[in-house]
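Fold and contact review
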Amino acid sequence: MGPIHDIQAAYPRMVEQGFGHIVNTASMAAFMPTALAAPYGATKHAVVGLSRALRVEAAPRGVRVSVLCPGVIRTPILQDGGKYGRAPLTDLDAETKTAMWERLRPMAPDFFAAKALDAVARNRGLVIIPAWWHVLRLLNGLVPSLAEAAARRELRRIAPLLRPTPGAE
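Throughout, residues of each chain are indexed from 1 in the direction in which the sequence is written. Given that this is a predicted model, residues contribute local features only at a pLDDT of at least 70 and side-chain atom pairs are listed and counted only at 80 or more, while totals for whole chains, interfaces and linings are drawn from all residues. As a convention, hydrogens and water are excluded, and side-chain values are obtained from all of the structure's heavy atoms.

**Things to note about the overall build of the chain**
The helix and strand inventory of the chain stands at 7 helices and 3 strands. Of the regular secondary structure in the chain, the N- to C-terminal order runs α-β-α-β-α-α-α-β-α-α. Note on classification: 1.4 Å probe, protein chains only; a residue is buried when its accessible area is under 20% of the maximum for its type, exposed when over 50%, partly exposed between these limits. Within the chain, the fraction of its 169 residues that count as buried is 32%. With the model as given, the accessible surface of the chain reaches about 10,400 Å², and the carbon-plus-sulfur share is 62%. Put simply, DSSP marks the helices as runs of H or I at least four residues long and the strands as runs of E at least two long, and each gets a number from the N terminus on. In this description, accessible areas are obtained by the Shrake-Rupley approach with a 1.4 Å probe, and a residue is regarded as covered only by the protein chains that are shown.

**A few points about helix H1 (residues 2-17)**
In a helix, the anticipated span is given by 1.5 Å times the number of residues less one. Across its 16 residues, H1 extends 23 Å between first and last C-alpha, which sits within 8% of the 22 Å expected from 1.5 Å per residue. Think of it this way: the bend at a residue is just the angle between two axes, each fitted to seven residues, one set ending at that residue and the other starting at it. The largest bend along H1 reaches roughly 35° and is located at Ala10, with the proline Pro12 sitting one to four residues downstream. Buried within H1 are the following residues: Ile7, Tyr11 and Met14. By definition in these notes, contact holds between two residues if any of their heavy atoms fall within 4.5 Å. Buried residues belonging to H1 abut strand S1 (20-25), helix H2 (38-58) and strand S2 (63-70). Just downstream of H1, Gly18 is the residue with a positive phi angle, here 85°.

**Some words on unusual backbone geometry**
Of note, the amide linkage connecting Ile129 to Pro130 takes the cis form, showing an omega dihedral of -5°. As for its placement among the helices and strands, Pro130 is situated in the loop between strand S3 (126-129) and helix H6 (133-142). Its identity as a non-glycine residue notwithstanding, Asn123 has a phi of 60°, on the positive side. Tracing the chain through its elements places Asn123 in the loop between helix H5 (109-121) and S3.

**So, a nonpolar patch on the surface**
Without a salt bridge and with relative accessible area above 30%, a residue can belong to a patch; like charges are then joined within 9 Å and nonpolar side chains (Val, Leu, Ile, Met, Phe, Trp, Tyr) within 5 Å. Here a salt bridge means any side-chain nitrogen of Lys or Arg lying within 4 Å of a carboxyl oxygen belonging to Asp or Glu. Where nonpolar side chains cluster on the molecular surface, the patch consists of Val135, Leu136, Leu138, Leu139, Leu142, Val143 and Leu146 and spans about 610 Å² of accessible area. The dominant element in the nonpolar patch, judged by the number of residues it contributes, is H6, at 5 residues. In this fold, Leu142 is placed in helix H6.

**Details of the environment of Trp132**
Mapping Trp132 onto the fold places it in the loop between S3 and H6. A residue is classified by how much of its surface remains accessible, and Trp132, at 29% relative accessible area, is partly exposed. Spatially, the C-alpha atoms of Trp132 and Gly71 are 9.2 Å apart, while their sequence positions differ by 61 residues.

**Let's talk about the pairing of S2**
Extensive coverage of S2 is indicated by the burial of 7 of its 8 residues. Between any two strands, at least two bridges found by DSSP are needed for them to pair. Bridge analysis of S2 against S3 gives 4 bridges, and the strand direction is parallel. Opposite Leu68, over in S3, you have Val127 as the bridge partner.

**Considerations on the packing of aromatic side chains**
Two aromatic rings, drawn from Phe, Tyr or Trp (for Trp, its six-membered ring), form a pair once their centres lie within 6.5 Å of each other, and the interplanar angle then sorts them: stacked below 30 degrees, edge-to-face above 60, tilted otherwise. Per the counting criterion, the structure on display carries 1 aromatic pair. For the ring pair Trp132 and Trp133, a centre distance of 4.9 Å and an interplane angle of 35° mean the geometry is tilted. Placement of a positive charge over a ring is assigned whenever Lys NZ or Arg CZ falls within 6 Å of the ring centre and within 35 degrees of the normal to the ring plane. Between Arg137 and the ring centre of Phe31, over which it is positioned, the NZ or CZ distance is 5.8 Å.

Next up, the structure:
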């Protein structure tokens, strides 16, 4: 609900003054199947949809809207999941988690911030960083079955590492 509350608070003022820029944060999870994190992926889909619709609505009123969709960023959340850690992955040791995330080539936070600020200043609506993640978004859009197959393959690869789900025997 964060983006909704933020928009409800700021958008009327921006419309009144005739300018402003709303920047929401989603994730690349908005564009691909997110096994083991379905609620996360669903909310990121929603943030992208909300932002894109509001961008069209707000433009004639002088308000800009961008949505950030980062790939994996090298932060402590990769190790422990932070406040919203995905339960099946929380029991994995640090070395295993690091190996899993490294396959996705995490970017430095400073790199992401610089690229994001530049894209927002240029009024880009959909900001995907790093650029190579555009390929994944396009593949998912053009060939969804391929994205689903890749997600199934990755789930099978990590399944032996996960703790059993209660009642799944």
